[in-house]
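# A closer look at the structure
Each chain is listed here by its residues.
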Amino acid sequence: MANAASGMAVHDECKLKFLELKTKRTHRFIVFKIEEKQKQVIVEKLGEPSEGYEDFTKCLPADECRYAVYDFDFLTAENVPKSRIFFIAWSPDTSRIRSKMIYASSKDRFKRELDGIQVELQATDPTEMGLDVFKSRAN
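Definitions and limits used
- Residues numbered from 1 in each chain as written.
- Predicted model: local features only at pLDDT ≥ 70, side-chain atom pairs only at ≥ 80, totals over all residues.
- Heavy atoms only, no water.
- UniProt positions renumbered as here; feature names shortened; annotations may be inferred.
- Phe/Tyr/Trp six-rings, centres within 6.5 Å; stacked < 30°, edge-to-face > 60°.
- Helix = DSSP H or I, 4+ residues; strand = E, 2+ residues; numbered from the N terminus.
- Buried < 20%, exposed > 50% of the residue type's maximum accessible area, 1.4 Å probe, protein only.
- Contact = heavy atoms within 4.5 Å.

- Looking at an unreviewed UniProt entry, the protein carries the name ADF-H domain-containing protein, with the source organism given as Hibiscus sabdariffa.
- Looking at the Sequence similarities (unreviewed entry) heading of the UniProt record, one finds this comment for the protein: "Belongs to the actin-binding proteins ADF family."

As structure tokens, then:
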């Protein structure tokens, strides 16, 4: 397990599942959670390749912070299919302040463990990570 600057370790499964998403496309998304007692980032939920954006957003709790990675497929202006790997730092306004601080201080180190992130989003409510935001940031 890698050690994060904030003291949060990154469980090996996080890197393994991200590699599967990136290279084999076996997952549409991954939701990560910090286990405060164990002081490590773990995989909370894996999205099947057939699952879409709505399935992804349902996995993010309304009042708790999470990290997530989403493999976003889109068509370019020339109708060429492409995909971008998004990293989302989900930190809703209603989450605990301590939780927000832990997620914020661990984010950069955790993100560095996931080699291949193409776009980063910070979101405090669903409108900040709507499909329109994904589409505008993907190009």
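## Regarding the packing of aromatic side chains
- By the definition in use, this model includes 16 aromatic pairs.
- Considering the side-chain rings of Phe 72 and Phe 86, the 5.9 Å spacing of their centres and the 90° angle between planes classify their relative orientation as edge-to-face. Pair noted here: Phe 72 is in strand E5 (residues 66–75) and Phe 86 is in strand E6 (residues 81–90), with a separation of 14 residues, a long-range link.
- For Phe 86, a relative accessible area of 0% translates into the label buried.
- With 5.5 Å between their ring centres and 55° between their planes, Phe 72 and Phe 134 make a pair best called tilted. In this pair, Phe 72 is assigned in strand E5 and Phe 134 in helix H4 (residues 131–138), connecting sequence segments 62 residues apart.
- Look at Phe 72 and you get buried, because its relative accessible area is 5%.
- What links up through ring pairs into an aromatic cluster is the set Phe 29, Tyr 53, Phe 56, Tyr 70, Phe 72, Phe 74, Phe 86 and Phe 134.

## Looking at the environment of Phe 18
- Within the secondary structure layout, Phe 18 lies in helix H1 (residues 12–24).
- Spatially, the C-alpha atom of Phe 18 lies 16 Å from that of Asp 73, the residues being 55 residues apart in sequence.
- The residues touching Phe 18, leaving out its near neighbours within four places in the chain, are Ile 30, Val 69, Ile 85, Leu 114, Asp 115, Gly 116 and Ile 117.

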